[in-house]
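# Tertiary structure, described
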Amino acid sequence: MLANADAVDETIGLGFLVFMKVQSLFYSLFAASAAAKMSQPLADQRPLQLSDHALPKDMVSVGEHCAPIKNAINYPAICEHWKPLSSKVAEVMPHVDMLAVVGGDHSIETGVLRGLAKENGGKPVPVVYFDGHADINSPKTSPSGNVHGMPLWFALKENNIDPKLLTYVAMRHPDPGEVALLHKLKILVYSVADVRKRGAKTIADEMKARFGENLHVSFDVDVFDESLVPGTGTPEPKGLTRAEGLEMVEVLAPKSLSLVEVDPERDMDNKTIRLGNEVLLRAAKGHKTVGLISAGSHLGQTHPGPEKAPEAILKSGLLDQLKRQGATVAQHVVPPPRPLVVH
Ligand SMILES: [Mn+2]
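Heads up: these notes are all about the structure in this document. (Residues numbered from 1 in each chain as written. Predicted model: local features only at pLDDT ≥ 70, side-chain atom pairs only at ≥ 80, totals over all residues.)

## Let's talk about the sheet that holds strand β5 (residues 216-220)
Reading across the sheet, the eight strands line up as β4-β3-β2-β5-β6-β1-β7-β8 and stay open at both edges, with parallel pairing between neighbours. A single partner strand is all that each edge strand has here, and the edge strands are β4 (188-190) and β8 (328-333). Between one strand axis and the next, the sheet turns through 15 degrees on average, direction left out of account. The sheet contact formed by β5 and strand β6 (residues 256-260) spans five bridges and is parallel. Residue Asp 220 lies in a different strand from β6, and its bridge partner there is Val 260. Sitting on the sheet, helix α4 (residues 75-92) touches β1 (98-103), β7 (289-295) and β8, and the angle it makes with β7 is about 175 degrees. (Pairing = 2+ DSSP bridges. Helix = DSSP H or I, 4+ residues; strand = E, 2+ residues; numbered from the N terminus. Axes fitted to C-alpha atoms, helices over the stretch in contact; angles between N-to-C directions. Contact = placed C-beta atoms within 7 Å.)

So, in structure tokens, the structure goes:
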């Protein structure tokens, strides 16, 4: 049942009032799109209808039925994978001080967010999204059809994220369709310039004060500058420094974190694996019990490498290092998705 799917990006923004300021740099990014938007004739804009508020019911059916969607490559297999992954996240969360989910490409995020919301009484948790990209394309707006660029759009459709509780850090290469949606949803973005100008700690403190304890960090290693992460599929220039990224994660002290888009097959001298490992260690700092879910997957993009990331990161000594930090680790594995065979 995808009857309402296409209506989401038409209507969802109307349901949310202006929440917070958008950083100046991001405003300039949006200016062209906003102008284009405003020049559309009013007749093209469908009025908000009561039925538009019936999203939650439709959302459940989207999660249950994994029928193919045009321009969402491998969607049925990925959608099936979200089921055990979200269940595992919801199951492990109550028993640990901190949960780390190690992907996999970023398509896993829809499953992670579903599990977190489920465990949070059906309410979205605050999310800080570290990523060079926006990952909020719909299958219609996606230039590639790769689902790792759509996890937030699916999570929005499932009501498992709240635009008022979503903040991006160092996102610098949104696609045109995403720019329009982000503008409409009034989502806050801290640019790399903001981080550099005001300091990583100041910005992380600000987010922590706003979002509180129960916060989730979704960490795509391509948030770092491309020179730091050879082992990722879609590196972006002008990203965070190592110190900035690690300090922000430590100050945020998330309740849960997913680490994604590490590709061991593309890595050089384990550089990206070691940096990913450090992100996890910083997030787990000070915690006595850490849940670790290995959720390798690669179907959300074009390269097989990311499926091997959990294994490679564990091999880099993560468990021993966590123990040295004083944590007891409970390990879990959610098997990767496999392409579904159509008979
Ligand atoms: Mn991503």
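## Details of unusual backbone geometry
Geometrically, the link from Gly 103 to Gly 104 is a cis peptide bond, its omega value of 15 degrees lying close to zero. Residue position: Gly 104 is located in the loop between β1 and α5 (109-119). Positive phi outside glycine occurs at Asn 74, with the angle close to 65 degrees. With respect to the secondary-structure elements, Asn 74 resides in the loop between α3 (55-64) and α4.

Everything listed here is a matter of geometry and, on its own, says nothing about what the molecule does.
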